[in-house]
Amino acid sequence: MAELEGLEFGKSDFVLLDEVTMEQFMENLKLRFEKGRIYTFIGEVVVSVNPYRQMDIYGKDTIDAYRGRELYENPPHLYAVSDAAYKAMKRRAKDTCIVISGESGAGKTEASKYIMQYIAAITNPGQRAEVESVKNVLLKSNCVLEAFGNAKTNRNDNSSRFGKYMDINFNFNGDPTGGHINNYLLEKSRVVHQQEGERNFHSFYQTLCSLNLTHSLIFWTTNNDRSSHKAVMSALEVIGFSKEEISSIYHILASILLLGNMQFESDGESVQIVGLEAVNHISELTGTDPDSVTKSLLYRTVATGGGEVIEKGHSEEEACFGRDAFAKALYERLFGWIVGRINSVIEVKNYNPVLHGKNTVIGVLDIYGFEIFDNNSFEQFCINYCNEKLQQLFIELILQQEQGEYEREGITWQHIDYFNNQIIVDLVEQPHKGIISILDEACLTVGKVTDTVCLDSMDTKLAQHPHYTSRKLSPTDKTMDFQKHFRIRHYAGDVTYSVEGFLDKNKDLLFQDFKRLMYNSSNSVLKEMWPDGQLSITEVTKRPLTAATLFKNSIVALVDKLACKEPYYVRCIKPNEMKSPVLFDDARCQHQVAYLGLLENVMVRRAGFAYRQPYARFLQRYKMTCEYTWPNHLMSSDRDAVEAIVTQHGFQDDVAYGHTKLFVRTPRSLFTLEQERAALIPILVLFLQKVWRGALARMRCRRMRAIYAIMGCYKRYKVKAHFWEVERRFANVRTMADYGKSVEWPTPPAALSQFHNITVLWWARQIVKNIPPSDMLEVRAKVAALTALSGERKDWGVSRAWERDYLANVRDCPQTSSGFIRVSKELRNKNEYSQVLFSGFCRKVNRFNKSTDRGLLVTDKYVYKLEPKKQYKVLKRLPLDSFTGISVTSGVDQMVALHTSAQDDVLLCLQRGQLCPNQDRVGELVGSLVDHFTRSVTCTFRIKHVFGNTLFRNPFSLSSPLLHSITQCKKEIFTK
C-alpha cells in the first residue's frame, strides 16, 4: 500500500508534504527518482519522471495488484490512474479520458502504451473472440503509428511528431468493442528537412533496412530498425491490411525517397530533371505515366479568367519547392490513409443502444509536448499553441472548476492564486487580433507578401501585448534578429520563433497537377488518397483553409471533446537533457514543475476534497449501508439521509455539506463505504433473487392452474364430441346387413383410449351374438388361424367356407365318401370321440423320403392315418394329446409337420379338393387345432413357422431325416 512505503522513498503523494513549497516538492521528486520511484500522486494526478531505462514494474503480477483497487491502496503507478478511469467509466457509466502531457522526451508515448496494455489486460475475462480481436488491433495500431509518425530528435529517440487522441468504446460489460483515432498536425516538413543530429520518420529507415540498403546510412540506421520493421509488418497484417495495401505503402515510401534524390538544372530558358531514371522508377512505383510525372514536376497548369488553360514552366527554385511539397503531401496523405484504414477496422459498427446497452468511452491523449529548439518554426508554434490549450483545459478542470464549485456550494475555502494562461491562448487564436488571424490575412492578400511583411503586421497589432515581443519592439535584445524573430512568453517559458517559411507552411500550397497525377494512378490505394484530384483545372473551388486555421479548429474540437469527459492526468517530467538514468537536473525539472502548474495543483488538492457527489446519487449508491435509509428513507430531504449515513460510519469530521453535494476530504472514507457496500451487495442480490424467484414461482403456479383448467374443459369437450360422433356414425347400424361392421370408429381422445378398446370389444360381441350357432365353430377356427398365421402366410383360406370334414363331403369325394362315413361312425362308437376337427386326403412322407397317399382324420381325441384304397382302413392312431406342435411354411404349399412328444413326427402334404384345386387347407387345419387347444385347459399346443433349411432345436423340432424333406421354409415362431 502507498502509505506502507518507507520514508526512505519520500512521500508517495505530494499532498502529504509537510509544507507546500517548491523546495520540498523538488526534494521529494528528486529523492523518489533516485530511489527508482518514478511515479508520485497529486491526489488523482500521476506525476511521471522518465527513468531512461527499462523497469520491471509492468508485468502481469503488477497488473493483478492494481486491478480493481482504489488509488491509495497501492504505490503510485500509471496502472492506478488507468484503473481509476476504467472503474469510473464502468461504475457510473461516465465517459472518461486520460490526458498525458509534458515536454518532448518526458515519456508520454511510453506512458500511453502502458495505459493501453493495462486496459487490454483487465478487460474481456471471458476471452470472447470478437473482443480479443478489437484489443489486438488497438494495441497493434500503436506500433504502426509509431513507425510512421515518430522520429529521433535531439531530445528524444522516439519523439511523437504528431498528436494522437484515441477513443476506446466499451459495452455495458466493460469490454472494448471498438475505437477511433484522431491525429493532429503531422510534422510533414521533417520529410524534406531535419535539424542537425535528428532523423526522418522511422518508417524510411525501416524500409531501407528491409531492402538491405543501409551501407551508406550506417550512422543513421540501427538494429532496432530491422526488428521494428518486422513488428510493423506483423501489426499491419493483424490489423487487416491486405498484401496489396502493404505493398502500396512501401511503394509510396520508396517514391518519396526517390523524390529526395531528384535534382534540377536550368539552361537559362527552361528547367530539366537531371537523369530520368528516378522519374521512371517513381512512375513505376506510383502507377503513373513517366511523361505525366515529368510534366507535373516541371510545369504548372493554370486556367485564365477566360477559361483558357495554359502551361507555365517552373523556375529551378519553383521546381524544387514543388518537389518538396509533393513529397510532404505524399507522406501526409499516406499517414492519414493509414489512420483512416485502422479506424475502419476498429470503429463500432451497427451499434444500437437498445440492443447493446450504453456505449461508454475512455479517451487517451498522447500529443507532442512543449518544444523549444535552437530554431523554432511554424511547427513549434502550432505545437506550443496546442500545449497552451491543454494547459488551459487543465486549469479550467482542476483549478478553476475546483475553486468555483466550492464557492457555488458554500464550502469554506482558501483561495489559491495560479497563473491563468488564457491571455496567451487569446494571443494566438483571437479572431482578427491573434497571430493565426494575422497569418491568414497575409496569406489572402493579393500581391507579393513576404514573411517579413507579416512580421511587421504582427509587431504593429501586438505591440502592446505583454506576452509578445520582437527585435523591433525590444531593440536592445540582441538574442533576436531584425525582420526575422518574434518571441512569445508561453506558460512554459519564452520561445523565440523564426518567421522564415511561416507563410508558405501556412498556405500549405500544392499544385493541382500533382493531385490530378495521383488521382489518375492505376494504384487504387493512391487514387483513394487523392479524391480532390478529380477536379478539372477549370473548375472553380473554394479557397481552402490555411494549415494554422485547420489545426486551431481541430484543437478546439479536441478540447471540447476532453471537456465533456471526466479527466485523469499524467504529467510527465524530463529529468535531464542527456537521456541519463541517474542524472537529475534540478533547474530543468523545477522549470517543468512550474509551467505544468503542479505546485498549484498540490495546493488545491491539499485544501480541497478528494470526492464530491450530489446527495441523490450518493444516497442511491450507499443507502444500503445504513439502517435508516434502506430501502427508502422517511427523512425530510436526501441531505438528511446522507447525514445519517455519514454519522453512522463516523465520518463527520472528514466531510463537508454543500448546497447540493457532499464533499469527502480523503479517499479512505470513500473506500470504507465501498468496502461495506461490496460486502452487502451479495446479500441484497440473494434477497432480490429470492423475492424474484418466489414471484416467478407464483406466476408459474397461476399459469399452470389456468392451463389445467383449460385442459380440463378441453378434455371434457373432446370426450363429449367423441360420443356425439359415435352416436352419429352408429345411428342406423341395427338396419344394416353387417350390423355396422363396415362402419369406421372415430379416433378417440387419449383419455378414452382404454374405454374405446372396451367399447369396440363390446360392439364386436353385439355383432357376434347375431351369428347363427351353426357358424360359430367356423368363426372360432378362423379367428384362431388369424391369430396364428396373420402376417406369416399370405393365403390361408380365410375367404372361403370351411367344410372341415372333407372326406365325408360327397361333392369333394363322390366315390369314397360313403365308405369314410361308415368307418367314421365305427370309430366314433369305438373310440368315443365326439367331434371331427378335420379330415382330408394327404400325401405322407416317411423318414426314407418316400411318399404315399393317405387319409387324415383329426378328432377331438385321436389323429388317424387311413388307407383310402382299403376302405379307409386305420393304419395308425395317435392320441391328440400326444401332439405338441405343428409346423407350416409361409408359402402356398400344403406342407404340414405334426410334432409328437415321442419325437415321432409326421410330415405330410394336404391335398386340395377336386372341385376347387386352388384351395388352401393348411389354415383350416391350423385354425381347427388352435381353436380346440385354446379351449382346452389341460394341454398346450405350439405352432411353428419354419424358414430356410434350419429348424430351431427344441423339444418340438422335427427328426433329422425328416428335416431334409422340407424344401420351402421361411420363419419360425411359437404360439399357444
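Quick caveat, the model's predicted, so the values are computed rather than measured.

A.B. asks: Would you mind going over the overall build of the protein with me for this structure?
C.D. replies: Summing up its helical and strand segments, the protein has 30 helices and 27 strands in all. Residues classed as buried in the protein amount to 50% of the 976 residues present. Pairs at least 24 residues apart make up 62% of the contacts formed inside the protein by residues separated by at least 6 positions. Carbon and sulfur atoms make up 53% of the accessible area of the protein, which totals about 48,300 Å².

A.B. asks: What exactly am I supposed to notice about empty space enclosed by the protein here?
C.D. replies: Here the idea is plain: a probe the size of a water molecule rolls over the atoms and shows the empty space left. All chains considered together, the criterion is met by 7 cavities of 30 Å³ or more. Listing elements by their share of the lining of the largest cavity, those giving two or more residues are helix H4 (108–122) and helix H5 (129–149). The residue makeup of the lining of the largest cavity, split by class, is 2 nonpolar, 5 polar and 4 charged.

A.B. asks: Just checking my understanding: could you explain the sheet that holds strand S16 (residues 566–573) for this structure?
C.D. replies: Two pairing modes exist for strands in a sheet, parallel and antiparallel, and in both the strands are linked by backbone hydrogen bonds. The strand order S1-S2-S16-S3-S12-S6-S7 describes an open sheet built from 7 strands, whose pairing is mixed. Pairing within the sheet leaves two strands with one partner each, and these edge strands are strand S1 (39–42) and strand S7 (176–184). Ignoring which end each strand starts from, the neighbouring axes of this sheet average 15° apart. Relative to S16, strand S2 (residues 45–49) runs parallel, the two being bridged by 4 bridges.

A.B. asks: Looking at this structure, how should I read the pattern of salt bridges?
C.D. replies: Two side chains with opposite charge may pair up if their charged atoms get near one another. This structure, assessed with the given rule, holds 40 salt bridges. The partner of Glu103 in a salt bridge is Arg588, with the nearest N and O atoms 2.4 Å apart. Remark: Arg588 occurs in helix H21 (residues 586–595) and Glu103 occurs in the loop between strand S3 (96–101) and H4; sequence separation between them is 485 residues. Here Glu103 matches Arg588 in class, with each residue buried. For Asp931, the salt bridge identified is with Arg935, shortest N-O distance 3.0 Å. In the salt-bridge network here, residues are joined through shared partners; they are Arg161, Glu187, Arg190, Glu198 and Glu371.

A.B. asks: Mind showing me how you'd approach the UniProt feature "binding site: ATP" (unreviewed entry) in the protein here?
C.D. replies: Here the UniProt-annotated "binding site: ATP" (unreviewed entry) positions come out as Gly102, Glu103, Ser104, Gly105, Ala106, Gly107, Lys108 and Thr109. Lining the largest cavity, from the set of annotated residues above, are Thr109. Excluding its chain neighbours within four sequence positions, the residues that come into contact with Gly102 are Lys108, Gly369, Phe370, Asn387 and Cys572. Topologically, Gly107 is positioned in the loop between S3 and H4. The class for Gly107 is partly exposed, based on a relative accessible area of 21%. Beyond its immediate stretch of four places on either side in the chain, Gly107 contacts Asn50 and Cys572.

A.B. asks: Help me understand H21 in this model?
C.D. replies: Given 3.6 residues per helical turn, the α-helix brings residues three or four places apart onto the same face. When we look at burial in H21, the residues that qualify are Arg588, Cys589, Gln592, Val593 and Tyr595. Capping the start of H21, Asp585 holds a side-chain oxygen 3.3 Å from the backbone nitrogen of Ala587, two or three residues further along. Backbone geometry just after H21 places Gly597 at a positive phi near 70°.

A.B. asks: Would you mind showing me how to read unusual backbone geometry here?
C.D. replies: Keep in mind that most residues, glycine aside, have a negative phi and that most peptide bonds are trans. Not every positive phi belongs to a glycine, and Arg804 is a case in point at roughly 70°. Assignment of secondary structure puts Arg804 in the loop between helix H27 (773–789) and helix H28 (817–831). You will see that Tyr872, though not glycine, has its phi angle at about 60°, which is positive. Looking at the secondary structure, you find Tyr872 in the loop between strand S22 (862–867) and strand S23 (873–879). In this structure Tyr872 comes out as buried when scored by relative accessible area, which is 2%.

A.B. asks: Even after reading the chapter, I still don't get the packing of helix H15 (residues 435–444) against helix H16 (residues 451–461), so can you show me in this structure?
C.D. replies: A packed helix pair is summarised by two numbers, namely the angle formed by the two axes and the spacing between the axes. At their nearest, the axes of H15 and H16 sit 10 Å apart, and the two run at 140° to each other. The angle between H15 and H16 falls in the class oblique. Handedness of the crossing formed by H15 with H16: right-handed. From H15, Ile435, Ile438, Leu439, Glu441 and Ala442 reach across to H16, where they touch Cys454, Ser457, Met458 and Lys461. Taken together, the residues that form the contact of H15 with H16 break down as 6 nonpolar, 1 polar and 2 charged.

A.B. asks: What is the right way to read a nonpolar patch on the surface from this model?
C.D. replies: Residues Met704, Ile707, Tyr708 and Met711 make up a contiguous nonpolar surface patch of about 370 Å² in total accessible area. The residue Tyr708 is located in helix H25 (residues 667–729) in this model. Its relative accessible area of 54% is what places Tyr708 among the exposed residues.

A.B. asks: Any chance you could explain the packing of aromatic side chains here in plain terms?
C.D. replies: Aromatic ring pairs are reported here in terms of the distance separating the ring centres and the angle at which the planes meet. Under the defined criterion, the tally for this structure stands at 32 aromatic pairs. Measuring from ring centre to ring centre gives 4.6 Å for Phe730 and Trp745, while their planes differ by 45°; the resulting arrangement is tilted. In this pair, Phe730 sits in the loop between H25 and helix H26 (753–768) while Trp745 sits in the loop between H25 and H26, placing the two residues 15 residues apart along the sequence. A centroid spacing of 6.0 Å and a plane angle of 65° characterise the contact between Tyr806 and Phe838, whose relative ring orientation is edge-to-face. In this pair, Tyr806 is assigned in the loop between H27 and H28 and Phe838 in strand S20 (residues 836–845), connecting sequence segments 32 residues apart. Classification of Tyr806 as buried rests on a relative accessible area of 2%. Aromatic rings pair up to connect Phe378, Phe381, Tyr468, Phe486, Tyr497 and Phe502 into one cluster. The ring of Phe241 has Arg341 sitting right over it, with the charged end atom 5.3 Å from the ring centre. Against the face of Tyr862 rests Arg877, its NZ or CZ located 4.3 Å from the ring centre.

What counts and what doesn't
Residues numbered from 1 in each chain as written. Predicted model: local features only at pLDDT ≥ 70, side-chain atom pairs only at ≥ 80, totals over all residues. Heavy atoms only, no water. Helix = DSSP H or I, 4+ residues; strand = E, 2+ residues; numbered from the N terminus. Buried < 20%, exposed > 50% of the residue type's maximum accessible area, 1.4 Å probe, protein only. Contact = heavy atoms within 4.5 Å. Areas by Shrake-Rupley, 256 points an atom, 1.4 Å probe, with all protein chains shown as cover. 1 Å grid on protein atoms, 1.4 Å probe; cavity = no way out; pocket = protein on both sides within 12 Å on 5 of 7 lines; lining within 4 Å. Points joined across faces, edges and corners; volume = space filled by probe spheres on them. Nonpolar A, V, L, I, M, F, W, Y, C, P; charged D, E, K, R; others polar. Pairing = 2+ DSSP bridges. Axes fitted to C-alpha atoms, helices over the stretch in contact; angles between N-to-C directions. Salt bridge = Lys/Arg side-chain N within 4 Å of Asp/Glu carboxyl O. UniProt positions renumbered as here; feature names shortened; annotations may be inferred. Polar contact = N/O pair within 3.5 Å; in protein donor to acceptor, adjacent residues only side chain to side chain. Parallel < 35°, antiparallel > 145°, perpendicular 65-115°, else oblique. Left-handed = near helix turned anticlockwise from the far one by under 90°. Patch = residues over 30% accessible without salt bridge, like charges linked within 9 Å, V, L, I, M, F, W, Y side chains within 5 Å. Phe/Tyr/Trp six-rings, centres within 6.5 Å; stacked < 30°, edge-to-face > 60°. Lys NZ or Arg CZ within 6 Å of the ring centre and 35° of its normal.

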